[in-house]
Amino acid sequence: SRSNREHARLNATISGMRLAVAFIAAVCSAVAQDFGQNVLLGFGAANPVSGTSTQGLGTSPVLTFNYGWRFSRYGQFDAGVDTVWGQLGDRSRMHYIPAAGYRAILPLWNDRVEVSGGGGGAYLFAKPKPDGYNTWLVYGMLEANYALDGDRRVRAGFLLRWYRDPVGRPSHQWINTGVAVS
């Protein structure tokens, strides 16, 4: 039946993303950052908090990819995408949230620990597209990470992002949480 095919396609997509996560985590030391750039890969949960367009959605897996240009020890411009696998109504859908913004970074404990917070703009769209679903969002984020190596280039930590419609009564509001390697 149609729902079985969609379920099988969703399982194949998730299996492929697991493989991609394992590959990127394995080669993360090759793309580790200095103060010039930062590549982050995370995996976690997308939680629809409220809004008319998120009704019927439950907690879903999310894959986060982010590229950051770290122009100083204390600041970074970010661009990336959160990819959410979810069920909306009777159909499986891929939800994409490309985002761009800025974060302030507070290095602690001789740069071994970093705490950062920031925000920016994002756009939510889904494939296949439900009527009236695509929209502009704003986001806020918090991250804490710990350097895994002596050079402080490979890091692991926790990431939290909050997305919301920028004006009026929200039709979309999400909180994405997860672990990240950069």
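### Re the nonpolar core
Ala122, Tyr163 and Trp174 are the most contacted members of the largest nonpolar core, which has 18 residues in total. Looking at this core, the elements that each hand over two or more residues are strand 1 (38–50), strand 4 (91–108), strand 5 (113–127), strand 6 (135–147), strand 7 (155–164) and strand 8 (173–181). When near neighbours in sequence (up to four residues on either side) are disregarded, tyrosine 163 contacts Asp82, Ile97, Ala99, Ala122, Leu137, Val138, Tyr139, His172, Gln173, Trp174 and Asn176.

### Observations concerning the environment of phenylalanine 158
As for its placement among the helices and strands, phenylalanine 158 is situated in strand 7. Along the chain, phenylalanine 158 and tyrosine 146 lie 12 residues apart, while their C-alpha atoms are 9.4 Å from each other.

### Quick notes on the pattern of salt bridges
Side chains that carry opposite charge are capable of pairing whenever their charged atoms lie near each other. In total, this model carries six salt bridges according to the counting rule given. The partner of arginine 161 in a salt bridge is aspartate 82, with the nearest N and O atoms 3.2 Å apart. Separated by 79 residues along the polypeptide, arginine 161 in strand 7 and aspartate 82 in strand 3 (residues 75–88) bring together distant segments of the chain. Among the residues examined, aspartate 82 registers a relative accessible area of 1% and is labelled buried.

### Observations concerning the pairing of strand 1
Here nine bridges tie strand 1 to strand 2 (residues 60–72), and the two strands are oriented antiparallel to one another. Looking at the pairing, leucine 40 lines up with asparagine 66 of strand 2. Examined bridge by bridge, strand 1 and strand 8 share nine bridges and lie antiparallel to one another. Paired with glycine 42 across the two strands is alanine 180, which belongs to strand 8.

### Quick notes on the side chain of arginine 112
Positionally, arginine 112 belongs in the loop between strand 4 and strand 5. Look at arginine 112: it is buried, it has no salt bridge, and the nearest opposite charge is aspartate 149 at 5.5 Å. Beyond its immediate stretch of four places on either side in the chain, arginine 112 contacts Asn145, Tyr146, Ala147, Leu148, Asp149, Gly150, Arg152 and Arg155.

### Let's talk about the confidence of the model for the protein chain
In the predicted model, the protein chain carries a mean pLDDT of 82, and the fraction of residues at 70 or more is 75%. In the model, residues 28–33 has pLDDT below 50 throughout and makes 11 contacts with residues more than four positions away in sequence or in other chains.

About the thresholds
- Residue positions within a chain follow its written sequence, with the count starting from 1.
- Totals for whole chains, interfaces and linings use all residues, but because this is a predicted model, local features are given only for residues with pLDDT of at least 70 and pairs of side-chain atoms are given and counted only at 80 or more.
- Only hydrogens and water are set aside; all other atoms, that is, all heavy atoms of the structure, feed into the side-chain values.
- To qualify as a nonpolar core, a set must consist of buried Ala, Val, Leu, Ile, Met, Phe, Trp, Tyr and Cys residues joined through side-chain atoms within 4.5 Å.
- Burial classes: relative accessible area under 20% of the type maximum marks a residue as buried, over 50% as exposed, and values in between as partly exposed (1.4 Å probe, protein chains only).
- Helix and strand assignments come from DSSP, with helices taken as H or I runs of at least 4 residues and strands as E runs of at least 2, each series counted from the N terminus.
- Contacts are assigned to residue pairs that have any heavy atoms within 4.5 Å of one another.
- Between Lys or Arg on one side and Asp or Glu on the other, a salt bridge is scored when a side-chain nitrogen of the former is within 4 Å of a carboxyl oxygen of the latter.
- The pairing criterion for strands is at least two bridges between them, as found by DSSP.
- Counting rule for charge: Lys and Arg are taken as positive, Asp and Glu as negative, and neither His nor the chain ends is counted.
- One number per residue, pLDDT, summarises how confident the predictor is, and it ranges from 0 to 100.

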